[in-house]
Amino acid sequence: MRHGFKGRRFSRSASHRKSMLANLSVSLLEHEQIVTTLPKAKDLRPIVEKLVTLGKRGDLHARRQVIAQIGNEDVVKRLFDTIAPRYANRNGGYLRIMKAGFRRGDNAPLAVIEFVERDTSAKGAADRARLEAEAAAETDAA
């Protein structure tokens, strides 16, 4: 019996699991919608909702706690400046998980996890900006 053992192990060590969930959190905060497996999405939701609650607090200690957990200061700035104020009047329930069928290779159940009132233009915006910056750097170097 697994009484008192919260969360899934995902066949990973504790440090690998922690960094995997931190990376998923960064991706979700950056793009506001990601596709992952259903169990990972279910374990990711409470983590990101707690980060948004810290973002709503908005003080320096909360900012440092979020940086310690996910380690990406650009995404933390986005969380505190744009995402958290959007949910100022909402008491929890910032994310939704929708089942998205099964993955082709191994038949793993997929899910889309997204913010409830998300900005649809944010999806892929960071990737586009990075590609444009790389292209500009190439033209400057040439």
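Residues numbered from 1 in each chain as written. Predicted model: local features only at pLDDT ≥ 70, side-chain atom pairs only at ≥ 80, totals over all residues. Heavy atoms only, no water.

The name an unreviewed UniProt entry gives the protein chain is Large ribosomal subunit protein bL17, with Aquamicrobium lusatiense as the organism.

Visitor: How should the sheet that holds strand β3 (residues 109-115) be read in this particular structure?
Guide: To summarise the sheet geometry, strands pair through backbone hydrogen bonds and adopt either a parallel or an antiparallel arrangement. Read from one edge to the other, the open sheet built from 3 strands follows the order β1-β3-β2, with strand pairing classed as antiparallel. Looking at strand neighbours, the two that pair on one side only are β1 (33-37) and β2 (95-102), the edges of this open sheet. In this sheet, neighbouring strand axes are inclined to one another by 25° on average, regardless of whether the strands run parallel or antiparallel. In terms of strand pairing, β1 meets β3 through 5 bridges, oriented antiparallel. Its bridge partner lying in β3, Q33 is registered against E114. Contacting β1, β2 and β3, helix α2 (residues 38-57) runs over the sheet at an angle of about 15° to β3. (Pairing = 2+ DSSP bridges. Helix = DSSP H or I, 4+ residues; strand = E, 2+ residues; numbered from the N terminus. Axes fitted to C-alpha atoms, helices over the stretch in contact; angles between N-to-C directions. Contact = heavy atoms within 4.5 Å.)

Visitor: What am I meant to see in the environment of D119 here?
Guide: When you line up the elements, D119 lands in the loop between β3 and α5 (125-141). Note: C-alpha distance between D119 and T36 (83 residues apart in sequence) is 19 Å. Leaving out residues up to four positions away in the same chain, D119 has contacts with E32 and R86. Polar side-chain contacts of D119 include one of 3.0 Å to the side chain of S121. (Polar contact = N/O pair within 3.5 Å; in protein donor to acceptor, adjacent residues only side chain to side chain.)

Visitor: Whenever I open this one, unusual backbone geometry confuses me. Can you help?
Guide: Positive phi, normally seen in glycine, also occurs at F10, with a value near 55°. On the secondary structure map, F10 appears in the segment before α1 (14-31). Positive phi values are uncommon outside glycine, yet N107 reaches one of about 60°. Here N107 lies in the loop between β2 and β3.

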